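# Structural overview for review
Listed below are the residues making up each chain.
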Amino acid sequence: MTENTAALINEYLEKTKSVENREQLGALNNEYSTLFGSDAEDGSISELKERIYALVSELITLREERGRQKHRASTELTETEHSEILRVQKLIDFNLFAYHFQPIIRADNGEIYSYEALMRARDMQGITPFHILKYAEMTGRLAEIERYTFLNVLHYIEEHGELFEEKPVFINSMPNVHIDPASSDEIGQLLNRLSDKVVVEMTENSEYDDAELNDIKEKYRGLDIRIAIDDYGTGYSNISNLLRYTPNYVKIDRSLLSGIQSNPNKKHFVREIIDFCHENNILALAEGVETSEELRTVILLGADLIQGFYLARPAAEVLRELPYELRAEIRSHRREREDGRRMKLCHAEKGERVALDKLAKDGINVVRIGSGYEDGTVTVAGTPGLDSGIHLEVADGFHGQLILDTARLTAAPGLPCIDIGSRSDITLTLVGNSRLDGGGIRVPKDSRLRTEGFGNIEIELSGSDYFGIGNSIDSYHGELVFEQDGTVSVTADSHAGVCLGAGMGGLIRICKGRYVLKAMGSMNVCIGAVNGHSDIRMLGCDIYAQAVGAHSVVIGSMYGTTEINALYSSIKCKSGSILSAAFGSVTGEHASVTIESVRIGFETGAECATAFGTLSGSSDIRITRTGIRVEAEGKKVLLFGSENGNTHLALTDVDLKAKLSTELPACCFADPADSVISGGTFQLTVNGAERDSLVL
């Protein structure tokens, strides 16, 4: 292509920007007749120019149609509508969109699952999303709405991700509206970067042929973007059409949920939709829930997620959690679905002594503490041997004392016996012998629990995943401070969990008392965490702990890092596993263990085990004035650290007696330069032979 031809093409394309109709295009083409009429160019240049001409011709056709739509709109609209359309045109011209975010709530526990981004007109009172879409369609500008929706919301998520706390945002889309290639590429790049934080929501439409629908699905599947179908139950909705979309979520339309509690036909239809979703691994979302009765009904029917004004309205400020009363209501309805009983609630007054036997006779199964007051003392008293069938809920923000006096509590399915709300600071005073059946004490990340008293508490756990005192396997726990003089006993025979702690970890301070912890399952931790970092400090306590399972940790973190400090205590522990650690971690990158003036006994039968440190990463172990007794048998068992040798070891005045049966040539692979051993006595037997050195 000659420089002159390229310059003419650029000049021609620049002038087409101001062309509005075919008459103007004809005049422009006449002006550049030599550009399109020349036979002297080679075939490829001629073909390129013809393609340019065809694209420009198609563009002018679209502009003419848009002009006709504007003309029809201007002649057919009322004065009010004419004012509205001008405001919408300004909104689009200058991208004056704002977005409010409405939470989507989990139906099992009332926690926020995700958010939906909803379009608003910035500083334009009276202009609603209805007006925007109406006039944008009327003037042929829906593609601009689609483009701005994606770009604005995606940029906002990228710049303010911390507001959503890793929860996904639903973005409304009109997939039959085509946007320009440049914007489409930019949107694709953003979606690719934010794939785990976005759900694309579109209305089901049977007018899409299979090829169009496959293109839509492949585009989003290729970016690993989840899909939601909106307004299901209206228009083209049917099961066979839904199967064409294979979405991740189905949003059941408000029209099916309005007054559903008293409409058997709606109940039947919604139940069929939810059952179909569950059979096909789709989450069912009930949208537009506006009353307590509707909320209860959709939860009883099995909805997974809920959205609506009753729970939270859209707002510019991202809501972090529902009010406590709403979360408690959702959990109550969920329990009713699971065990067939509607929860009967009693509010404990400030300073009240709650008698469990009397409440049980009245059919009460929930006692709520802290509703209407933020501090004070409540006593929950039972009768020896009486199983009350009652569990406790502590409201958000309660700072006070809960006295358990010979109380026996029972967890509802999937819930703890004592559920402490957010931002709470609870002193749990133990009197007599109390017992928790089926669940423990939940302490959320932003709360604190301190125990005291001379009483004992026994916790018997059930369910696939468990926690005794702390939080669930996918959560952090708040600060746990144990200062009671009595015994805390936790027994779990389940799949995976933590006796004292939570899956993601937190701070644990054990300052007094006696502890009997037994964890049996596939992944078990007696004190600490499963996946996260655990910070454990022990002082003046007596611990017996047993962990039996495929992977087990007595004190520390199963797969995360850990920091353990123990002083003036007695700790006896046992494990039987494939992978095991007594004080430390199985696969964590780092374990720091500091022990002084402690009596330790450890017995294990594991394929791979270490008494102190981590089996996989680096270990920093400092033990002073401590007596240690270890009996370990397995393919690869170690006293300190891992086989990789990245172990820093400092032993001062340690009395160590260890008997190992293992295939390894040493009980510690630390570099001699990283090992400082002074004072103390050592009796080390490996495979029946006495050794005089701890390190290889």
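Note: the structure precedes this text.
A short tour of the structure in this document, coming up. (Residues numbered from 1 in each chain as written. Predicted model: local features only at pLDDT ≥ 70, side-chain atom pairs only at ≥ 80, totals over all residues. Heavy atoms only, no water.)

## Remarks on the nonpolar core
What tends to happen in soluble globular proteins is that the nonpolar side chains get buried as a cluster. Counting residues in each nonpolar core, the largest one holds 93 residues, and the members touching the most others are I369, F583 and F612. Here this core gets 9 residues from one element, more than from any other, and that element is strand 33 (residues 590-614). Among all residues touching F612, those that are not within four sequence positions of it are F583, V593, I595, I600, I621, I623, I628, L639, F640 and G641. The next biggest cluster of nonpolar side chains, apart from the first, holds 76 residues, and it includes M119, M202, V250 and C277. (Core = buried A, V, L, I, M, F, W, Y, C linked by side-chain atoms within 4.5 Å. Buried < 20%, exposed > 50% of the residue type's maximum accessible area, 1.4 Å probe, protein only. Helix = DSSP H or I, 4+ residues; strand = E, 2+ residues; numbered from the N terminus. Contact = heavy atoms within 4.5 Å.)

## With respect to unusual backbone geometry
In the Ramachandran plot, D231 falls in the positive-phi region, its phi being about 55° despite a non-glycine side chain. Inspection of the secondary structure puts D231 in strand 5 (residues 226-232). Look at D231 and you get partly exposed, because its relative accessible area is 25%. We note that N687 has phi near 55°; this positive angle belongs to a residue other than glycine. Tracing the backbone through its elements, the reader meets N687 in the loop between strand 40 (681-686) and strand 41 (689-691). Look at N687 and you get partly exposed, because its relative accessible area is 46%.

## Brief notes about the sheet that holds strand 6 (residues 249-252)
Strand order in the closed barrel formed by 8 strands is 1-2-3-4-5-6-7-8, with mixed pairing between adjacent strands. Pairs of neighbouring strands in the sheet enclose a mean axial angle of 30°, with direction left out of account. The sheet contact formed by strand 2 (residues 112-121) and strand 3 (residues 169-173) spans 3 bridges and is parallel. When the sheet's bridge partners are listed, A117 is paired in strand 3 with I171. (Pairing = 2+ DSSP bridges. Axes fitted to C-alpha atoms, helices over the stretch in contact; angles between N-to-C directions.)

## Considerations on the environment of N646
With respect to the secondary-structure elements, N646 resides in the loop between strand 36 (636-640) and strand 37 (647-652). Sequence spacing of N646 and H590 is 56 residues, and the spatial spacing of their C-alpha atoms is 9.8 Å. N646 has contacts with G617, S618 and S619, leaving out every residue within four places of it along the chain.

## Notes on the pairing of strand 12 (residues 375-381)
Pairing analysis gives 3 bridges linking strand 10 (residues 353-355) to strand 12, with the strands arranged parallel. Counted as the bridge partner of R353 is T379 from strand 12. Sheet topology places strand 12 next to strand 14 (residues 399-405); 7 bridges connect them, and they run parallel. For V378, the partnering residue across the bridge sits in strand 14 and is L402.

## Re the side chain of R442
Here R442 lies in strand 19 (residues 441-442). For R442, a relative accessible area of 15% puts it in the buried group. In contact with R442, other than residues within four places in its own chain, are P416, I418, D419, I420, F467, G470 and N471.

## Let's talk about the pairing of strand 35 (residues 627-633)
Here strand 35 shows one buried face, formed by I628, V630 and A632, and one open face, formed by G627, R629, E631 and E633. Note that strand 33 and strand 35 share 7 bridges and pair parallel. Looking at strand 35, one finds that G601 is bridged to R629.

## Concerning the packing of helix 7 (residues 142-159) against helix 9 (residues 181-193)
Packing of helix 7 against helix 9 brings their axes to within 10 Å, and their N-to-C directions diverge by 35°. Viewed along their axes, helix 7 and helix 9 form a crossing whose handedness is left-handed. Judged by residue contacts, R147, F150, L151, L154, H155 and E158 of helix 7 engage S183, E186, I187, L190, L191 and R193 from helix 9. Classifying every residue of the contact of helix 7 with helix 9 gives 6 nonpolar, 2 polar and 4 charged. (Left-handed = near helix turned anticlockwise from the far one by under 90°. Nonpolar A, V, L, I, M, F, W, Y, C, P; charged D, E, K, R; others polar.)

## Points about the side chain of T626
Here T626 lies in the loop between strand 34 (618-624) and strand 35. Judged by relative accessible area, T626 falls into the buried class, the value being 2%. Within polar-contact distance, the side chain of T626 engages the backbone nitrogen of S597 at 3.2 Å. In terms of polar contacts, T626 uses its side chain to reach the backbone carbonyl oxygen of T624, at 2.8 Å. Excluding its chain neighbours within four sequence positions, the residues that come into contact with T626 are I595, E596, S597, V598, I600, D653, V654 and D655. (Polar contact = N/O pair within 3.5 Å; in protein donor to acceptor, adjacent residues only side chain to side chain.)

## Describing the packing of aromatic side chains
One pass over the full model with this rule turns up 11 aromatic pairs. Plain terms: the ring middles of F97 and Y148 are 5.8 Å apart, the flat faces sit at 45° to each other, and that makes the pair tilted. One end of the pair, F97, is in strand 1 (residues 97-106); the other, Y148, is in helix 7, and 51 residues separate them in sequence. Of the two residues examined, F97 and Y148, each falls in the buried class. Three or more aromatic residues link up through ring pairs in this structure, and these residues are F101, Y115, Y156 and F164. The lysine or arginine in question, R313, covers the ring of F309, its NZ or CZ lying 4.1 Å from the ring centre. Residue placement shows K445 over the ring face of Y476; its charged tip is 4.7 Å from the ring centre. (Phe/Tyr/Trp six-rings, centres within 6.5 Å; stacked < 30°, edge-to-face > 60°. Lys NZ or Arg CZ within 6 Å of the ring centre and 35° of its normal.)

## So, helix 7
Here helix 7 spans 26 Å end to end across 18 residues, near enough to the 26 Å set by a 1.5 Å rise per residue. By the criterion of burial, helix 7 is predominantly enclosed, with 13 of the 18 residues buried. (Expected span 1.5 Å × (residues − 1).)

## Observations regarding the pattern of salt bridges
When the charged atoms of two side chains lie near each other, side chains of opposite charge can form a pair. Applying the stated criterion to the full structure yields 42 salt bridges. Residue R254 is joined to E290 by a salt bridge in which the shortest nitrogen-to-oxygen separation is 3.4 Å. Here E290 lies in the loop between strand 7 (283-287) and helix 14 (292-301) and R254 lies in helix 12 (residues 254-257), a separation of 36 residues in the sequence. Judged by its relative accessible area of 40%, E290 falls in the partly exposed class. (Salt bridge = Lys/Arg side-chain N within 4 Å of Asp/Glu carboxyl O.)

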